[in-house]
Amino acid sequence: MAQRLRQRLPTLFQSLDCATQGKAPRQIVVVTSGKDRTVDSGYFFTQSLIAQQACLASSLTYPASLAPRAELDHRSRPAGTDRYLLYFHKLSQKQDQISDPADPLFPTFQASQSYQTYPDSNELSKAEASILAQPRLAIAAQTVLQRLFTPAFITGLNQNRYRASNDGTVTYTSADGKFVSTLKGDGNEVIASALDAALALYDLYAASADMPDEAHTNFSQYMPAGQAAIFASVQDALTFYSKGPGFAEANGVTWRMAQTLLDDFFDEAKLIAAGNYAHAAKLRFAHAETIIPLASLLGVPSMATPQPKNLAYDYSNNLWRGEQVAPMAANIQWDLYKNDVGRVLVRMLYNEKETGFKPSCDKARVAKGSYFYDYQRLADCYQQSIAK
């Protein structure tokens with residue numbers, strides 16, 4: 001992806017050539033959520049850029065994290081990480097508490113707390129129970145499991161005679177013995193029924209498709225295509241309500257917390273519009289739980305339409321699909337262009353494909369059907385300040 005970014009924007013990266021940028025190189029700002037795999041993603045992405053253009057190493061910068069006004073000790077927030085910006089779905093009372101309503105981050109913290117209590121709501125519980133109670137799902141689970149296990153074992157699962165959870169401890173040692181890692185489960189993943197077992201198998205099947213070299217197993221042999229399609233639609237329904245657009249009546253509980261991230265995108269555009277070119281790029285590395293709410297907040301067509309409570313999500317009445325919204329390495333990119341008279345245009349790419357902003361912002365397009373939007377009109381459409 002880093003290679004394609006550089007190939008797609010050659011003029012930008014040519015302007016960062018070591019021989020021409022002088023003593024004050026434009027910065028490539030790098031921010032992660034702080035979780036290991038996002039830190040790793042950021043590292044390998046930037047190392048790929050450096051491998052293609054060595055002088056970019058001097059452009060990399062890792063900014064201080066957003067933090068509560070009242071917080072005096074920021075040691076829990078390493079430079080280049082930002083929980084409020086990229087881990088807003090799990091802001092904690094202990095580390096991220098904000099009590100001052102006047103703090104700019106207060107709405108983000110409150111929205112995060114609302115989101116974290118949402119799984120206990122009656123509305124979500126009822127929706128999930130209805131999704132999992134579909135007769136076709138039970139039949140699919142039986143079809144998959146009976147190819148692998150004895151009827152007696154499957155019956156035992158359904159009678160609660162067998163139960164498994166990830167509450168153990170496993171230690172891995174590298175082949176050369178130089179690296180040892182111990183993993184302890186949190187007990188949150190539980191298999192207590194045939195349906196649980198089938199869905200767990202589907203999760204392995206779905207994950208293995210993105211890890212052919214690491215998994216060394218083709219899980220499609222355990223998951224017939226017909227049943228995989230059923231499980232995919234079920235997982236989409238569960239994710240739609242728990243992380244996606246959700247209920248129309250829920251007041252954006254699943255995506256309000258992404259506002260600070262959307263503001264950050266516009267803040268970068270605002271700098272360019274004001275003539276501040278210090279940042280050549282800002283690279284953010286996060287999670288599906290970050291990008292799915294942002295897609296909803298942006299109103300990306302086919303990715304942001306909620307469902308009324310009286311009409312359950314289904315492929316027949318909603319275009320939202322997990323494989324489009326949050327596949328492996330899902331990404332949102334904004335390209336900014338500025339001409340000699342100061343006009344700034346914005347183009348959005350979703351999973352590296354040109355994508356429109358919400359339909360109500362069509363007046364910001366420079367021409368009908370164009371993917372280039374006038375920045376000032378776009379900011380106004382999203383109710384963003386464009387003051388310098």
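Our subject is the structure listed above.
**Student:** Explain the environment of Cys361 to me, using residue names and the numbers behind them.
**Tutor:** Here Cys361 is to be found in the loop between β10 (353-355) and β11 (372-374). Judged by relative accessible area, which is 1%, Cys361 ranks as buried. Sequence separation between Cys361 and Tyr313 is 48 residues; the distance between their C-alpha atoms is 26 Å. Residue contacts for Cys361: discarding those within four places in its chain leaves Tyr373, Leu378, Cys381 and Tyr382.

**Student:** So what's going on with the pairing of strand β9 (residues 344-350)? Residues and values would help.
**Tutor:** On a regular strand, one side chain projects to one face of the sheet and the next to the other, so that they alternate. Across the 7 residues that make up β9, a large majority, 7, are buried. The side-chain alternation of β9 yields two buried faces, one formed by Val344, Val346, Met348 and Tyr350 and the other by Leu345, Arg347 and Leu349. Here 7 bridges tie strand β8 (residues 332-338) to β9, and the two strands are oriented antiparallel to one another. Among the inter-strand pairings, Trp334 is bridged to a residue of β9, identified as Met348. In this structure, the hairpin formed by β8 and β9 is closed by a connection of 5 residues, where Gly342 is found at a positive phi of approximately 95°. Pairing of β9 with β11 involves 3 bridges; the strand directions are antiparallel. In the sheet register, Arg347 faces β11, and the bridge partner there is Phe372.

**Student:** Now, about the packing of helix α8 (residues 135-145) against helix α10 (residues 194-208): what can you tell me, with residues and values included?
**Tutor:** A pair of packed helices can be characterised by two numbers: the angle between their axes and the separation between those axes. Where α8 contacts α10, the axes come no closer than 9 Å and their chain directions differ by 70°. On the basis of their axis angle, the class for α8 and α10 is roughly perpendicular. Where α8 approaches α10, its residues Leu137, Ala141, Val144 and Leu145 are matched on the opposing element by Ala194, Leu195, Ala197, Ala198 and Leu201. Here the contact of α8 with α10 is composed, by residue class, of 9 nonpolar, no polar and no charged.

**Student:** Tell me about helix α3 (residues 36-52), and name the residues and values.
**Tutor:** For α3, built from 17 residues, the straight-helix expectation of 24 Å at 1.5 Å per residue is met to within 8% by its first-to-last C-alpha distance of 25 Å. Taken residue by residue, α3 has Thr38, Gly42, Phe45, Thr46, Ser48, Leu49 and Ile50 as its buried positions. On its buried face, α3 sits against α1 (2-8), α2 (10-14), β1 (27-32), β2 (60-61) and β7 (279-285).

**Student:** Outline the sheet that holds β2, listing residues and values.
**Tutor:** What holds strands together in a sheet is hydrogen bonding between their backbones, with the strands either parallel or antiparallel. Pairing is parallel across the open sheet formed by 3 strands, whose spatial order is β2-β1-β7. Each edge of the open sheet is held by one strand with a lone partner, namely β2 and β7. Across the sheet, α3 touches β1, β2 and β7, and the angle it forms with β7 is around 145°.

**Student:** I'd love a proper account of a nonpolar patch on the surface, names of residues and values included.
**Tutor:** Among the surface-exposed residues, Val170, Tyr172 and Leu183 lie close enough to one another that they form a single nonpolar patch of about 300 Å² accessible area. Here Leu183 lies in strand β5 (residues 180-184). A relative accessible area of 46% means that Leu183 is categorised as partly exposed.

**Student:** Describe the state of the cysteines, listing the residues and the values that go with them.
**Tutor:** Throughout this description, disulfide means a covalent bond between two cysteine sulfur atoms. Per the counting criterion, the structure on display carries 1 disulfide. Disulfide pairing is shown between Cys361 and Cys381; the S-S distance is 1.9 Å. As the torsion about the S-S bond is roughly -90°, the Cys361-Cys381 disulfide counts as left-handed. Of the two residues, Cys361 is situated in the loop between β10 and β11 and Cys381 in helix α16 (residues 375-381); the sequence distance between them amounts to 20 residues.

Here is what the cut-offs are and how they apply
- Residues numbered from 1 in each chain as written.
- Predicted model: local features only at pLDDT ≥ 70, side-chain atom pairs only at ≥ 80, totals over all residues.
- Heavy atoms only, no water.
- Helix = DSSP H or I, 4+ residues; strand = E, 2+ residues; numbered from the N terminus.
- Buried < 20%, exposed > 50% of the residue type's maximum accessible area, 1.4 Å probe, protein only.
- Contact = heavy atoms within 4.5 Å.
- Pairing = 2+ DSSP bridges.
- Axes fitted to C-alpha atoms, helices over the stretch in contact; angles between N-to-C directions.
- Parallel < 35°, antiparallel > 145°, perpendicular 65-115°, else oblique.
- Nonpolar A, V, L, I, M, F, W, Y, C, P; charged D, E, K, R; others polar.
- Expected span 1.5 Å × (residues − 1).
- Patch = residues over 30% accessible without salt bridge, like charges linked within 9 Å, V, L, I, M, F, W, Y side chains within 5 Å.
- Areas by Shrake-Rupley, 256 points an atom, 1.4 Å probe, with all protein chains shown as cover.
- Salt bridge = Lys/Arg side-chain N within 4 Å of Asp/Glu carboxyl O.
- Disulfide = S-S within 2.5 Å.

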